[in-house]
Amino acid sequence: MDRWVEIQFDCLPLRSIDRLDIPMDASPKFQQHCLRVKAAMEKHGSHNTYYLHNAQCTYHLLNHPVDGMIQFKFHGTVMTDEGDMETRGTDLEVELVKETCTWLSEPIVNWFHETVQRSVAVEFDHYIQAGDLKKTEERIAKIKEESESDEGFLGMYL
């Protein structure tokens, strides 16, 4: 174990969303996801904003493989500067999901809710510096271009 904080997330650039309608046959879980994304867009807009989901943050407080671990799941919005080069803020819903700390108390959990926000901001800056954001934007542009070149049809022989 070489990392004290492990953060994983899927990133959805809000500027990439063209339609806000929810498919009629969407599962309840996907419907909830769509509603959360729509709420994020209404609250923060779509420029320089990114929705993080399927996300978790794990802290290892001791040099022990099992004892001293606290894990949170989260979802929400990250806002960047005008050039998309630095995180300016986060608006995340954070929930404790697992822990192996016998000394954990409610004030400590509350403190970690804020710490998750700060940890995600630092990790998102690493994500930007690694170029993953640019790769995501290029992939979305390619999909959009392919869809438009096929006159919007993605089905077989349509």
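**Let's talk about the packing of aromatic side chains**
Then, in step 1: One pass over the structure, following the stated rule, counts eight aromatic pairs.
Then, in step 2: With a centroid separation of 6.0 Å and an interplanar angle of 35°, the aromatic rings of F9 and F124 are classed as tilted. With F9 in strand β1 (residues 5–13) and F124 in helix α2 (residues 106–129), the pair connects residues that are 115 residues apart, well separated along the chain. Accessibility classification places F9 together with F124 in one group, the buried group.
Then, in step 3: A centroid spacing of 5.2 Å and a plane angle of 35° characterise the contact between F124 and Y127, whose relative ring orientation is tilted.

**Side note on the side chain of T115**
Then, in step 1: Among the secondary structure elements, T115 is positioned in helix α2.
Then, in step 2: A distance of 3.0 Å separates a polar side-chain atom of T115 from the backbone oxygen of W111.

**Quick notes on the sheet that holds β1**
Across a sheet, strands are paired by hydrogen bonds formed along the backbone, either parallel or antiparallel in direction.
Then, in step 1: With antiparallel pairing, four strands are arranged side by side in an open sheet as β1-β2-β3-β4. Lying at the two open borders of the sheet, with one neighbouring strand each, are β1 and β4 (87–99). Pairs of neighbouring strands in the sheet enclose a mean axial angle of 20°, with direction left out of account.
Then, in step 2: Looking at chain direction, β1 and strand β2 (residues 49–60) are connected through eight bridges and run antiparallel. Bridging across to β2, P13 finds its partner in Y50.
Then, in step 3: With respect to the sheet, α2 is in contact with β1, β2, β3 (69–80) and β4, its orientation differing from that of β4 by roughly 125°.

**Details of the pairing of β2**
It is a general feature of regular strands that their side chains alternate between the two faces of the sheet.
Then, in step 1: With respect to burial, β2 is a largely interior element, 10 of its 12 residues being buried.
Then, in step 2: Alignment of β2 against β3, held across 10 bridges, turns out to be antiparallel. The residue bridging Y51 from the neighbouring strand is T77, located in β3.

About the criteria used
- Residues numbered from 1 in each chain as written.
- Predicted model: local features only at pLDDT ≥ 70, side-chain atom pairs only at ≥ 80, totals over all residues.
- Heavy atoms only, no water.
- Phe/Tyr/Trp six-rings, centres within 6.5 Å; stacked < 30°, edge-to-face > 60°.
- Helix = DSSP H or I, 4+ residues; strand = E, 2+ residues; numbered from the N terminus.
- Buried < 20%, exposed > 50% of the residue type's maximum accessible area, 1.4 Å probe, protein only.
- Polar contact = N/O pair within 3.5 Å; in protein donor to acceptor, adjacent residues only side chain to side chain.
- Pairing = 2+ DSSP bridges.
- Axes fitted to C-alpha atoms, helices over the stretch in contact; angles between N-to-C directions.
- Contact = heavy atoms within 4.5 Å.

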